[in-house]
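One-letter residues, chain by chain:
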Amino acid sequence: MRILIAALTATVAFGSAALASDKCTVPTNDWQPREALKTKLEGEGWKVRSIKTEDGCYEAYAIDGKGKKVEAYFNPKTFEAVNAKSSD
């Protein structure tokens, strides 16, 4: 179990941008507004600090509902989480 957790942590830490760019290939005409993502995340208890565009994805910097700092990537059309890093 520890090996699995370590492997997942390494993947998230070192491959976040690469994984995000592989998932976010949506034409900009199909993107939803950033404000809609912010509203969705705040509805889930997040405190959103900023949302920017990175490698074709939305990248949100926030405090999640558990109080952890999060850097998360989202598909700009579906708002599906593509990848995330969190810290205490």
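Being a predicted model, the structure only gives us computed values, none of them experimental.

## Re the state of the cysteines
Here is step 1 of the chain: Summed over the entire model, instances satisfying the criterion amount to 1 disulfide.
Here is step 2 of the chain: The disulfide partner of C24 is C57, and the S-S distance across this bridge is 1.7 Å. Here the S-S torsion is close to 100°, and the disulfide linking C24 with C57 is therefore right-handed. Taken together, the residues span a long stretch of sequence, with C24 in the loop between helix 1 (2-23) and helix 2 (34-43) and C57 in strand 2 (residues 57-63) at a distance of 33 residues.
Here is step 3 of the chain: Look at C24 and you get buried, because its relative accessible area is 6%.

## With respect to the environment of D64
Here is step 1 of the chain: Counting through the fold element by element, D64 comes out in the loop between strand 2 and strand 3 (69-74).
Here is step 2 of the chain: Along the backbone, D64 and E42 are 22 residues apart, and their C-alpha atoms lie at a distance of 8.9 Å.
Here is step 3 of the chain: Apart from the residues within four sequence positions on either side, D64 is in contact with G45, W46 and V70.

## What to know about the packing of aromatic side chains
Here is step 1 of the chain: Summed over all chains, the structure comprises 3 aromatic pairs.
Here is step 2 of the chain: For the ring pair W46 and F74, a centre distance of 6.2 Å and an interplane angle of 65° mean the geometry is edge-to-face. Separated by 28 residues along the polypeptide, W46 in the loop between helix 2 and strand 1 (47-54) and F74 in strand 3 bring together distant segments of the chain. F74 matches W46 in its accessibility class, with the two residues each being buried.

Parameters and conventions
- Residues numbered from 1 in each chain as written.
- Predicted model: local features only at pLDDT ≥ 70, side-chain atom pairs only at ≥ 80, totals over all residues.
- Heavy atoms only, no water.
- Disulfide = S-S within 2.5 Å.
- Helix = DSSP H or I, 4+ residues; strand = E, 2+ residues; numbered from the N terminus.
- Buried < 20%, exposed > 50% of the residue type's maximum accessible area, 1.4 Å probe, protein only.
- Contact = heavy atoms within 4.5 Å.
- Phe/Tyr/Trp six-rings, centres within 6.5 Å; stacked < 30°, edge-to-face > 60°.

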